[in-house]
Amino acid sequence: MEWSSNSFQIIHRPANALKEMIENCLDAGASSIQITIKDGGLKLLQIQDNGHGIHKDDLAVVCERFATSKLAQFDDLSRIATYGFRGEALASISHVAHVTITTKQGDSPCAWRACYSDGKLKAPKPGASVDPKPCAGNRGTQIVVEDLFYNITTRRKALKSVSEEYNRILDVVHRYAIHNSKTSFTCKKVFYLSNDSTAKAFYPLIPIEQGASTADVHTSSTAKTLDNIRYVYGATIAKELLEWHEVDARYHFKLDGYVSNANFNLKKMTFLLFINHRSVDSANLKRSIEAVYTEYLPKGTHPFVYLSLEIEPANVDVNVHPTKREVHFLNENQIVDCICAFLRQRLADANESRKFYTQTFLPGAAIVDIDAVSATPARSGKAPEHRLVRTDSRARTLDAYITSISSAGSRESVISLPKDTEGSPRKRMRTDAGIDDETQSVSVQAHGGSSPLPSIESPDAAVSLVGRNTEDAMQVSNTPPISPAARVRRPAVPKPPPRRQPVEVRLTSVLELQEELQQTKHRGLTEIFAGHTFVGFVDDVLALIQYQTKLYMIDFEDITRELFYQLALLGFSNFGTITLAEPVSVRELVLLALEAQDMEAWGDDMMSPEDIAEQCARLLVDRREMLQEYFSLTVTATGQLTGLPVMLRGYVPPMDKLPLFLLRLGSEVVWDSEKECFETFCKELGMFYAVEPPSPPVEDARAGTMAHKSATAEYRWTVEHVVFPALKGLFAAPRSAAENRSVVQVANLPDLYKVFERC
């Protein structure tokens, strides 16, 4: 009776009993733990695992005091690496409750069930044997605890309410579920049990009906720690967490965890501490961490901290508290100081990234959870101003507030077109609203002045891309606004020819590549591009876009490389043609590309530039029929290039890259395999058609500067009014874009309001 009255020093409440049993399950190597609760654990507390089970011969002593299987020899006491070691948990529970254990080992032909009271075996019913009984069961152990504190009425009356006890149980399950992400946890309530007293005596828990149709806690064994934090505490906390890993060789400890950044705070601190995988409390460490956060958080707010410390077992004393709630370890103050120093540095790094040096929300991470990005459902009533988003497409961009003034004071002179030697204006081709023809004659000069590159007549704008969801999306860029450079008078335009019927693609290799685009796309990023609003340019390769309440910086030079690769696949066999004003020799263009290479680095066994150019030209001539049919890349039998594909209406590729493009067709395309051939060829098209800013002038500073300004204005107009509209309807953002910093979140309106509120 003395031991019964003192058992609640270890088992204070149902949550303490559950904690001890969960740790036993984890020591048994369980990957699945199922918990069933009735009346806050006072009426029923059941836990079942799929661990290695208990041997039948050990059932006689399993609930006796100091009986443990965790210590094999005396020296194990100096390096305890398991949860249990004292042999007091089940003994204490059996003194204050009715305990039934059902267990089965992997090699056992059946399960064994035994009942316990006061640490000893007892008969399931009067007159029956106390020996364990064989029964059916799954591998692992099931422990049923009924009528907790039935013999200690004062303790039972001290417990406040059933709901509070159940919430404490959920807190224990949440903590261990987060820390043990490789183990599945399930916890649910049971309201109705069998009324058959005979059956209940021998089979303590046979639910007739269960009041909870779904579990209050259910985690997967394949989830990660961050996934379980998101499940338990919500996505709002999870997306604001910083992953944290540190190793200290001096004091021999390792640190892992997640801490909230300086943008997030709570009214009450959430502190999950595990030392050597045991859930414990440390008032010293908690106070020190809160002191660090006072430098970053507003007064009266607190952080979220999940911390897992691994310290040499020989340096930790886990036997200083009856419930093992607290532990002592060597060099405690020094280790706490080290942890605070690490935390201060981690928060400082994150604070710098808020100034856009290192923090990227899209490449997880990290990370902002882009998979959670979705359109906010419409709500009745007026939205708060920190949730207002820009929805009017006619709203001005940042460029409207930037004015360039020429020496003559005329804004038009800044974007006037450069003239060639004959005085005729040269400009990059664009199909304006209402112009959709083959015979429009506009010459194009590559960036860089006098270059032997070809000029272009006009794309076959009557032929549109054919692919999934492209027909409607092409209408976005079909009638772009008139650019400043479009004020040049155009010649008369004849009536366009009739539109040809699209060709149905049946090649398995192409269909597989198109399907891979959908399988590898990033859903969140694709939604951002589909619903974005263009804000303005940062420079010639970076631009700002807005999606909902967030502002993103886009490396559109990298994004358009992927865009045109996808357009090449989706428009397979259905391209229009950009006709060159004069045919140009493939061989000469390849030689031009080779002249830019470092020939001195070539070995003696390398082919001569003339042989390489000849081989590239012969390669394209031999495959000219395929190139014409599938990609509208027109090469004559004599090796003359006469046409390029129309990848996007109103867009002409940077002709400076044409020589390198033809050279890479000979060296980078895998011509021997159908699928690899189409994939690598489309990637080369993507690299060729990707946007490229105009080259700066190198001669004639005044005229060169004016020409460069004009080319830059034309280039930016094309990016804003042709390329970005295409991203809305045609682009399936790949996962790689979320990893290579092509898209970076730079601001979030609600977070900005928090900053201003603190100021």
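Above: the structure in question.
Owing to the predicted nature of the structure, the values given are computational and were not obtained by experimental measurement.

Draft legend 1. Fine view of the sheet that holds strand 18 (residues 533–537). Read from one edge to the other, the open sheet built from 4 strands follows the order 18-19-20-24, with strand pairing classed as antiparallel. The two strands at the open ends of the sheet, each matched to only one other strand, are strand 18 and strand 24 (743–748). Each strand of the sheet is rotated relative to its neighbour by a mean of 30°, with strand direction disregarded. As paired strands, strand 18 and strand 19 (residues 542–547) are joined by 4 bridges and run antiparallel to one another. Residue Thr533 lies in a different strand from strand 19, and its bridge partner there is Gln546. Relative to the sheet, helix 14 (residues 523–530) contacts strand 19, strand 20 (550–555) and strand 24, its axis offset from that of strand 19 by approximately 95°. Docked against the sheet, helix 15 (residues 556–570) engages strand 18, strand 19, strand 20 and strand 24, running at close to 75° with respect to strand 20.

Draft legend 2. Region of interest: the pairing of strand 7 (residues 140–146). For strand 7, the buried fraction is high: 7 of the 7 residues fall into the buried class. Side chains Gly140, Gln142, Val144 and Glu146 of strand 7 all project onto a buried face; the interleaved residues Thr141, Ile143 and Val145 project onto the opposite face, where all are buried too. Strand direction decides the pairing type here: strand 2 (residues 44–49) and strand 7, joined by 5 bridges, are antiparallel. From the neighbouring strand, Gln46 faces strand 7, where its bridge partner is Val144.

Draft legend 3. Just the nonpolar core, in detail. Residues Phe556, Phe631, Leu641, Leu644, Leu658, Leu662 and Phe681 are the most contacted members of the largest nonpolar core, which totals 83 residues. If you look at the next biggest cluster of nonpolar residues, it comprises 57 residues, including Ala30, Ile229, Val232 and Phe264.

Draft legend 4. Inspection of the sheet that holds strand 11 (residues 253–260) at higher detail. The mixed open sheet is built from 5 strands, whose spatial order is 10-11-14-12-13. Each having just a single partner strand, strand 10 (241–248) and strand 13 (278–279) make up the two edges of the open sheet. In this fold helix 5 (residues 162–179) packs onto strand 12 (270–275), strand 13 and strand 14 (304–311), with an angle of close to 60° to the strand it touches most, strand 12.

Draft legend 5. Molecular detail of the pattern of salt bridges. All told, the structure shown has 17 salt bridges when counted by the stated rule. The closest approach of N and O atoms between Arg716 and Asp540, which form a salt bridge, is 3.0 Å. Residue Arg716 is located in helix 21 (residues 701–730), and its partner Asp540 is located in the loop between strand 18 and strand 19; the two are separated by 176 residues in the primary sequence. In this structure, Lys683 and Glu679 form a salt bridge, with 3.7 Å as the shortest nitrogen-oxygen distance.

Draft legend 6. How the structure looks around the packing of aromatic side chains. Within this structure, the stated rule accounts for 20 aromatic pairs. Taken together, a centroid distance of 6.3 Å and an interplanar angle of 65° make the contact between Phe274 and Tyr306 edge-to-face. With Phe274 in strand 12 and Tyr306 in strand 14, the pair connects residues that are 32 residues apart, well separated along the chain. Residue Phe274 shares its accessibility class with Tyr306, and that shared class is buried. On the numbers, 4.4 Å between centres and 35° between planes, the contact of Phe631 with Phe681 is tilted. With Phe631 in helix 18 (residues 624–631) and Phe681 in helix 20 (residues 674–689), this pair connects stretches of sequence that are 50 residues apart. The exposure classification of Phe631 matches that of Phe681, with both residues buried. Three or more aromatic residues joined by ring pairs form one cluster here, namely Phe572, Phe575, Tyr630, Phe631, Trp671, Phe678 and Phe681. In this structure, Lys56 packs its charged tip against the face of Trp112, placed 4.9 Å from the ring centre.

Draft legend 7. The arrangement of unusual backbone geometry in detail. Backbone geometry places His252, a non-glycine residue, at a positive phi of 60°. Structurally, His252 can be placed in the loop between strand 10 and strand 11. Note on His252: relative accessible area 46%, which makes it partly exposed. Positive phi is not limited to glycine here, since Asn276 has a value of about 50°.

Draft legend 8. Geometry of empty space enclosed by the protein. Evaluated as defined, the whole model comprises 5 cavities of 30 Å³ or more. In this structure, the largest cavity encloses a volume near 70 Å³. For the largest cavity, the lining is made up of 10 residues, of which Arg113, Ala114, Cys115, Pro124 and Lys133 are closest to its centre. Considering every element that reaches the lining of the largest cavity, the biggest residue donor is strand 4 (residues 111–117), with 3 residues. Here the residues of the lining of the largest cavity sort into 5 nonpolar, 1 polar and 4 charged.

Draft legend 9. Structural view of helix 2 (residues 14–27). The terminal C-alpha atoms of helix 2, which comprises 14 residues, lie 20 Å apart, in line with the 20 Å expected from a rise of 1.5 Å per residue. Across the 14 residues of helix 2, 12 count as buried, placing the element largely inside the fold. Gly29 occupies a position one or two residues after helix 2 and carries a positive phi of about 80°.

What counts and how
- Residues numbered from 1 in each chain as written.
- Predicted model: local features only at pLDDT ≥ 70, side-chain atom pairs only at ≥ 80, totals over all residues.
- Heavy atoms only, no water.
- Pairing = 2+ DSSP bridges.
- Helix = DSSP H or I, 4+ residues; strand = E, 2+ residues; numbered from the N terminus.
- Axes fitted to C-alpha atoms, helices over the stretch in contact; angles between N-to-C directions.
- Contact = heavy atoms within 4.5 Å.
- Buried < 20%, exposed > 50% of the residue type's maximum accessible area, 1.4 Å probe, protein only.
- Core = buried A, V, L, I, M, F, W, Y, C linked by side-chain atoms within 4.5 Å.
- Salt bridge = Lys/Arg side-chain N within 4 Å of Asp/Glu carboxyl O.
- Phe/Tyr/Trp six-rings, centres within 6.5 Å; stacked < 30°, edge-to-face > 60°.
- Lys NZ or Arg CZ within 6 Å of the ring centre and 35° of its normal.
- 1 Å grid on protein atoms, 1.4 Å probe; cavity = no way out; pocket = protein on both sides within 12 Å on 5 of 7 lines; lining within 4 Å.
- Points joined across faces, edges and corners; volume = space filled by probe spheres on them.
- Nonpolar A, V, L, I, M, F, W, Y, C, P; charged D, E, K, R; others polar.
- Expected span 1.5 Å × (residues − 1).

Limitation: the analysis is restricted to geometry and does not speak to function.
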